[in-house]
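A structural walkthrough
Below are the chains, spelled out letter by letter.
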Amino acid sequence: MPVAGVLPLADRTITEARELLERREVSSRELTEACLARIARDGGELNTFIAVGEERALAAADAADAATATGDARPLLGIPYALKDIFVTRALDDAGQPDGGLPTTAGSKILAGYRSPYASSAEERLGAAGAVLLGKTNCDEFAMGSSNENSAYGPVRNPWDRSTVPGGSSGGSSAAVAAGQAFFATGTDTGGSIRQPAALSGVVGMKPTYGRVSRYGMVAFASSLDQCGPFGRSVRDVATVLEALAGHDPRDSTSVNVPVPDYAAALTGEVRGLRLGVPREYFVAGMEPGVEASVRAAIGVLEGLGAEIVEVSLPSTDKGLATYYIITPAEASANLARYDGVRYGQSAGDDDLLTNYLATRGDGFGPEVKRRIILGTYALSAGYYDAYYVKAQQVRTLIKAEFDAVLADVDALLAPTSPSVAFKIGAKTDEPLLMYLNDACTLPVNIAGLPGISVPCGLADALPVGFQVIGRAFDEETVLRVADAYERAAGFSDLRPPTAHD
Amino acid sequence: MISRSDVEHVARLARLGLTDDELDRMVGQLSRILEAVNVLQSVDTSAIDPTAQVIELENVMRDDVASDAQRLSREAALAGAPLREGPMLRVPVVLEEGR
């Protein structure tokens, strides 16, 4: 394992890169070139990016260097990053012509070649913070998947072991951050799509509270659960990026108008006096022993730091998967009705309306997306609506109430992120149910709308393991504080995959 | 649990064309998924209200005025359309005489 301070430039944290920038020991152009060199070397084989905008990135880096020269020292100024290709990036000028911006595909063939006429909130806010956009990362089609094998642009490979998946659906983002191709990246998390790939790729990934970050310009999957969040190589980096992303946006009616705290100030390193709950239902049968051992050891580290650890119970946890696989397909089937071959995206071009719909959507969507549209349409159809959809919404109430009751007694919860380490590409593609189980420990958190983070807690079978800290609604500060205190004490913060060399 | 004709019917409702192979695969996969989600039927929810979303949302009102921040030019708005005719979207016929 490389020693801190001798990691190659591309593998360092935002915090370290900012120090180098402020001391003028490195320029944003050099950071950007280091990332682009990694993308050129490994990006093809790992299949991490769907689009890279080299010219624009270097121009943005030069602008950041000019700003630095005038004394500008904003926390993300000059830091190269990637957006999951589910965030639209403005790519058209007012005349409707390509303006040099990046296309957006959402990992789907139906959006191949799509150029957005407007920017997502994420692109705007990170751009305004002075960060340097490198490109758009590969992901499962419309963020539906747990392995990144559902992308129309091919699977992403895990930089720790190229025969395994990086997790999903934000697997391009997690793998790019792990492999030194970007200092941070955005993801979206509907049932674990940030936290699970963070765990499998050995990076930090956070899903904020539902409503904390604007969803404007995020291609919709399941609107009552989707949330944007950051990937980074340290908890502090993730806190810095979250602060730039968070805050009210009138263009997203579910974005909540509450103040954004100074997240870096929450990283005190101190957990004494905190009560942390360990929900017994999260240590499920079928969890890999190496994962359980690493997570139990992480809980032990926090106990050693002075946190009070208590066992708690969330009895409806085993109903989470079923609840999720009714609610999310139902919402997805409605959201994806917009791909009608008329206003944007691919079209079969048939003159008959019904034939055009059937052919456009039949050809444009991949198997998992089709499965979920059918499942969701079925759950919402006459005669099944009450038995499936209303029932799932009632169980959602129960799951949320159990979290609320437990979090009234403890400050945060500790749990595994994923029951397994990265699995082989192709190992779970034949049976959707087997794939869905990957998110059993993360999706209840989305059902309740709570913030959660996954932090690396060592290796099992030479592959990364992550554990989860789950907090009260809008209390990202405690979640980050616990995760950061663990990270400082545990000594895994310099874990890097075999790509970490120049 | 779910028949081939059920899947065909729902696919039609969803305006989704499926090949015979896709239909065959989907019948088995959906049956197993529906069997798994049926665990919810064992939960007593008779006294429980449904939750559609988890934050206390209220309607947000604003004046009905155009916002420059979200203004799109006609050309930018139409640029992604697969079929156009001048400044308009070209769409298949939805109303025909005599129907």
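In what follows, the structure referred to is the one given above.
In short, a report on the structure. The model shown is predicted, which means the values in this text are computed figures rather than measured ones. (Residues numbered from 1 in each chain as written. Chains lettered and ligands numbered in written order. Predicted model: local features only at pLDDT ≥ 70, side-chain atom pairs only at ≥ 80, totals over all residues.)

What about the overall build of chain A?
Our working rule: Under the scheme used here, helices are H or I runs from DSSP no shorter than 4 residues and strands are E runs no shorter than 2 residues, and both carry numbers assigned from the N terminus. Each radius of gyration is computed over the set of C-alpha atoms, and the globule rule expresses the reference value as 2.2 Å times the number of residues to the power 0.38. To sort residues by exposure, count the other C-beta atoms lying within 10 Å of each residue's C-beta; 20 or more gives buried, 12 or fewer gives exposed, and values between give partly exposed, all with C-beta atoms placed from the backbone. Contact between residues is assigned whenever the C-beta positions, reconstructed from backbone atoms, fall within 7 Å.
In terms of regular secondary structure, chain A is built from 15 helices and 11 strands. Scaling as 2.2 N^0.38, a compact globule of 502 residues should have a C-alpha radius of gyration of about 23 Å, and chain A matches this with 21 Å. Taken along the three principal axes of its C-alpha coordinates, chain A extends 65 × 55 × 45 Å. Looking at the 502 residues of chain A, the share that counts as buried comes to 63%. A sequence separation of at least 24 residues applies to 77% of the contacts in chain A between residues at least 6 apart.

A word on the overall build of chain B
Scanning chain B from N- to C-terminus turns up three helices and two strands. For chain B, whose C-alpha radius of gyration is 23 Å, the value lies well above the compact-globule estimate of 13 Å for 99 residues. In chain B, which comprises 99 residues, the share counted as buried stands at 18%.

Some remarks on the sheet that holds strand β8 (residues 308–312) of chain A
Residues and elements named next belong to chain A. Put simply, the test is: Strand pairing follows a simple DSSP-based rule, namely that at least 2 bridges must link the two strands. Only the contacting stretch of a helix is used when fitting its axis, a line to C-alpha atoms as for every element, and angles between N-to-C directions run 0 to 180 degrees.
Strand order in the open sheet made by the 11 strands is β1-β3-β2-β4-β6-β5-β10-β11-β9-β7-β8, with mixed pairing throughout. A strand with exactly one partner marks an edge of an open sheet, and here the two such strands are β1 (49–52) and β8. Going from strand to strand, the sheet's axes swing by 30° on average, the running direction of each strand aside. Pairing analysis gives two bridges linking strand β2 (residues 80–84) to strand β4 (residues 184–188), with the strands arranged parallel. Looking across to β4, one finds that Y81 is bridged to F184. Against the sheet, helix α5 (residues 171–178) engages β1, β2, β3 (132–137), β4, β5 (204–207) and β6 (228–232), with an angle of about 160° to β4. Along the sheet face, helix α8 (residues 289–304) touches β7 (275–279), β8, β9 (412–416), β10 (452–460) and β11 (463–471) and points at about 115° away from the line of β10.

Things to note about the interface of chain A and chain B
For an interface, size is often stated in terms of accessible area lost upon the parts coming together. On the side of chain B, 48 residues touch chain A, which itself brings 60 residues to the contact. At 10 residues, the largest contribution of residues to the side of chain A that touches chain B is made by helix α12 (residues 385–409) of chain A.

Some words on unusual backbone geometry
In this structure, the amide linkage connecting G168(A) to the following residue, S169(A), adopts the cis form with an omega of 15°. Here S169(A) is to be found in the loop between β3 and α5. Of note, D461(A) is a non-glycine position whose phi angle comes to about 55°, a positive value. Locating D461(A) in the fold gives a position in the loop between β10 and β11. Overall, D461(A) belongs to the exposed group, with 12 C-beta atoms counted inside 10 Å. In this model, R15(B) sits at a positive phi of 55°, which is unusual for a non-glycine residue. Checked against the element boundaries, R15(B) lands in the loop between α1 (4–13) and α2 (20–37).

Focus: the packing of helix α11 (residues 367–380) of chain A against α2(B)
Just so we agree on the cut-off: In this scheme, roughly parallel covers angles under 35 degrees and roughly antiparallel covers those over 145, while 65 to 115 is roughly perpendicular and the rest are oblique. The hand of a helix crossing depends on one turn: near helix anticlockwise from the far one by less than a right angle means left-handed, and clockwise means right-handed. Nonpolar residues are Ala, Val, Leu, Ile, Met, Phe, Trp, Tyr, Cys and Pro. Charged residues are Asp, Glu, Lys and Arg, and all others, Gly as well, are polar.
As a packed pair, α11(A) and α2(B) sit with axes 11 Å apart at the nearest point and diverge in direction by 60°. Between α11(A) and α2(B), the crossing angle belongs to the class labelled oblique. Once α11(A) is placed against α2(B), the crossing between them reads as right-handed. Across the interface between the two elements, K370(A), R371(A), I374(A) and L375(A) from α11(A) touch E22(B), M26(B), Q29(B), L30(B) and I33(B) from α2(B). Of the residues belonging to the contact of α11(A) with α2(B), the class tally is five nonpolar, one polar and three charged.

Observations regarding the nonpolar core
Rules: What makes a nonpolar core is a set of buried Ala, Val, Leu, Ile, Met, Phe, Trp, Tyr and Cys residues, with links drawn between C-beta atoms within 7 Å.
Membership of the largest hydrophobic core comes to 168 residues, with the highest contact counts inside it found for Y81(A) and I374(A). For Y81(A), the contacting residues outside a window of four places in its chain are L126(A), A131(A), V132(A), L133(A), L134(A), A182(A), F183(A), F184(A) and A185(A).

What about the environment of T164(A)?
All names here are of chain A. Summarising the element assignment, T164 is placed in the loop between β3 and α5. Considered as a pair, T164 and L459 are 295 residues apart in the sequence and their alpha carbons are 15 Å apart. Setting aside anything within four residues of it in sequence, one finds T164 in contact with N158, A422, F423, K424, I425 and L463.

Observations concerning the packing of α11(A) against α1(B)
Where α11(A) contacts α1(B), the axes come no closer than 9 Å and their chain directions differ by 95°. When the axes of α11(A) and α1(B) are compared, the pair comes out roughly perpendicular. For the pair α11(A) and α1(B), contact is made by I374(A), T377(A) and Y378(A) and by V7(B), V10(B), A11(B) and L13(B), respectively.

Topic: α1(B)
Stated formally: Taking the helix axis as origin, the arc is that swept by the directions to the C-beta atoms.
Those residues of α1(B) not exposed but buried are V7(B), V10(B) and A11(B). The buried residues of α1(B) occupy an angular sector of 105° when the element is viewed end-on, so they sit on one face. Each element contacted by the buried residues of α1(B) is listed here: α11 of chain A together with α2 of chain B. One or two positions beyond α1(B), positive phi appears at R15(B), with a value near 55°.

Concerning helix α10 (residues 353–364) of chain A
Stated formally: A helix is expected to span 1.5 Å multiplied by its residue count minus one.
Taking 1.5 Å of rise per residue, the 12 residues of α10(A) would be expected to cover 16 Å, and the 16 Å separating its terminal C-alpha atoms lies within 8% of that figure. Looking at α10(A), one finds that the buried residues are N356(A), Y357(A), L358(A), T360(A), R361(A) and G364(A).

Some details on the pairing of β2(A)
Residue and element names in this part refer to chain A. Note the cut-off: Place the viewer so that the strands point away; then a crossover is right-handed whenever the path from the first strand over the helix to the second strand goes clockwise.
A large share of β2 lies buried, amounting to five of its five residues. Both faces of β2 are covered, namely the face carrying P80, A82 and K84 and the face carrying Y81 and L83. Bridge count for β2 against β3 is five bridges, and the pairing is parallel. What sits directly across from P80, in β3, is V132. Tracing the backbone out of β2, into helix α4 (residues 121–128) and back to the parallel element β3 gives a crossover that is right-handed.

Some details on the pairing of β8(A)
Residues and elements named next belong to chain A. Pairing geometry for β7 and β8, over five bridges, is parallel. Bridged to G277 within β8 is V310. Between β7 and its parallel partner β8, the chain crosses via α8, and the hand of that crossover is right-handed.

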